[in-house]
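# Working through the structure, step by step
This is what each chain is made of:
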Amino acid sequence: KTSTGCKTRNDRATTMSPADRRTREIKNEYVREFRNLDKVFACEFVGDGTGAVVGPFERAQQCFHSKQIVPLCAGWFGEVNKGIVVIRKELAR
């Protein structure tokens, strides 16, 4: 996924790069999506989702590397998130 070069992504007073900020947003989006899948398709396990019960979709997500998806984000100005840097180092070996 990429982030656009708009003011909402690049005009913030923060030390976090826009690509890393988008990475955080993507991770939160996927957590929400997996919880929604549990509510829709596994409602007999999780009920309405207010409890601390982990459904099968969220449990499957926790089996991923680092218990999350690994988003790879690049911005309009050449900035990349830390995930791309790690993969680039691994591939260079």
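Above this text is the structure in question.
Everything numeric here is computed off the predicted structure, so don't read it as measured data. (Residues numbered from 1 in each chain as written. Predicted model: local features only at pLDDT ≥ 70, side-chain atom pairs only at ≥ 80, totals over all residues. Heavy atoms only, no water.)

### A short note on the side chain of T23
- Inspection of the secondary structure assignment puts T23 in helix α2 (residues 18–41).
- Under the relative-accessibility criterion, T23 is labelled buried at 10%.
- Within the structure, T23 has its side chain in polar contact with the side chain of N81 (distance 3.0 Å).
- Residues in contact with T23, not counting those within four places in the same chain, are P71, C73 and N81. (Helix = DSSP H or I, 4+ residues; strand = E, 2+ residues; numbered from the N terminus. Buried < 20%, exposed > 50% of the residue type's maximum accessible area, 1.4 Å probe, protein only. Polar contact = N/O pair within 3.5 Å; in protein donor to acceptor, adjacent residues only side chain to side chain. Contact = heavy atoms within 4.5 Å.)

### Here's the deal with the pattern of salt bridges
- Evaluation of the coordinates by the stated rule reveals four salt bridges.
- With its nearest N and O atoms 3.4 Å apart, the salt bridge here joins E25 to R22. In this pair, E25 and R22 are both assigned in helix α2, three residues apart and thus about one turn of the helix distant.
- According to the relative accessible area criterion, R22 is buried, its value standing at 11%.
- Across the pair E90 and R93 runs a salt bridge, and its minimum N-O distance is 3.9 Å.
- Each of R22, E25 and E29 takes part in a single network of salt bridges with overlapping partners. (Salt bridge = Lys/Arg side-chain N within 4 Å of Asp/Glu carboxyl O.)

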